[in-house]
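Chain residues, written in single-letter form:
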Amino acid sequence: MRLIGMLDSPYVRRAAITMRLLGLSFHHEPVSVFRTFEQFRAINPVVKAPSLVCDNGVVLMDSTLIIDYVEALAGRSLMPADLAARQRDLRVIGLALAACEKAVQNVYEHQLRPAEKQHQPWVERVDGQRTSAFALLEEEVARLAVPVQESALSQAQLTTAVVWTFTQAMLPGAVDPAKHPAIASLTAAAERLPAFEAYPHA
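This section reports on the structure supplied with the text. Only a predicted model underlies this, so the values are computations on that prediction, with no experimental measurement involved.

**Some details on unusual backbone geometry**
Cis peptide bonds are those with omega within 30 degrees of zero, and the linkage from Ala49 to Pro50 qualifies with 0°. Here the phi dihedral of Asp62 falls at roughly 80°; this positive angle occurs in a residue that is not glycine. Topologically, Asp62 is positioned in the loop between strand E4 (59-61) and helix H3 (63-74). Within the chain, Ala202 stands out as a residue other than glycine whose phi angle is a positive 55°. Within the secondary structure, Ala202 sits in the segment after helix H8 (194-198).

Next up, the structure:
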């Protein structure tokens, strides 16, 4: 299998770390949707990262869908089987991905759109949504254990850590770690794990 996309994308990194934790063999190809657009389009005309080229040539897109497939392929999941625990983890993942989406929108607005075409009310709305998502995520993560070994790492912890690292790297100063101690602590522990070190941000 081939995982296409740059590790400065939280979605690519989330998929890569998951696949490593599941023990799957794959080749990561750091192709950029911006700098090497044509190269990416030759692999997937939609040019969406991450893209997973399966062994039979089928191309899958979207990190959540890719993770669903590779978990089925591996025969195990980073999600709990217990319904109550699964509901909790799905809420955490949903909040983390919502925060991530708004962080990405802010990055695109400031790095890709000319300053004279930026719409401040839209930026403020996106930033407000990101702030709310991280505040709610902090409440949820405060109830989770800090990961000490990879074998116990959940998809909720993994996704939260990847999103926090991305946000801190790409929007420095935008989200105060002092106001999110549980997320910051979880992320610091996760980033020391071999799977995270194998696929570092950017």
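**Regarding H3**
When the terminal C-alpha atoms of H3 are compared, their 16 Å separation across twelve residues agrees well with the 16 Å that a helix rising 1.5 Å per residue should span. Among the residues of H3, Ser63, Ile66, Ile67, Val70 and Glu71 are the ones counted as buried. On an axial view of H3, the arc spanned by its buried residues comes to 130°, and they lie on one face. Exposed side chains of H3 directed beyond 90 degrees from the buried face belong to Leu65, Asp68 and Ala72. On its buried face, H3 sits against helix H1 (10-21), strand E3 (51-53), E4 and helix H6 (155-170).

**Digging into the pattern of salt bridges**
Applying the stated criterion across every chain yields a total of eight salt bridges. Glu29 is paired through a salt bridge with Arg2; the nearest N and O atoms lie 2.5 Å apart. A residue pair is termed long-range when its members are at least 10 positions apart, and Glu29 in strand E2 (residues 27-29) and Arg2 in strand E1 (residues 2-4) qualify at 27 residues. Among the residues examined, Arg2 registers a relative accessible area of 31% and is labelled partly exposed. The partner of Arg130 in a salt bridge is Asp127, with the nearest N and O atoms 3.0 Å apart. Pair noted here: Arg130 and Asp127 are both in helix H5 (residues 120-141), with a separation of three residues, about one helical turn. The buried category is assigned to Arg130, whose relative accessible area is 5%. Residues joined by salt bridges that share partners form a network here, namely Arg91, Glu140 and Arg143.

**Here's the deal with the sheet that holds E3**
The four strands lie next to each other as E2-E1-E3-E4, forming an open sheet whose pairing is mixed. Looking at the sheet topology across the chains shown, the edges are occupied by E2 and E4. Averaged over all neighbouring strand pairs, the angle between strand axes comes to 20°, with direction disregarded. Contacts from H1 reach E1, E2 and E3 within the one sheet, and its direction differs from that of E1 by about 160°. Seen against the sheet, H3 touches E3 and E4 and runs at an angle of roughly 125° to E4.

Conventions and cut-offs
- Residues numbered from 1 in each chain as written.
- Predicted model: local features only at pLDDT ≥ 70, side-chain atom pairs only at ≥ 80, totals over all residues.
- Heavy atoms only, no water.
- Helix = DSSP H or I, 4+ residues; strand = E, 2+ residues; numbered from the N terminus.
- Expected span 1.5 Å × (residues − 1).
- Buried < 20%, exposed > 50% of the residue type's maximum accessible area, 1.4 Å probe, protein only.
- Arc of directions from axis to C-beta.
- Contact = heavy atoms within 4.5 Å.
- Salt bridge = Lys/Arg side-chain N within 4 Å of Asp/Glu carboxyl O.
- Pairing = 2+ DSSP bridges.
- Axes fitted to C-alpha atoms, helices over the stretch in contact; angles between N-to-C directions.

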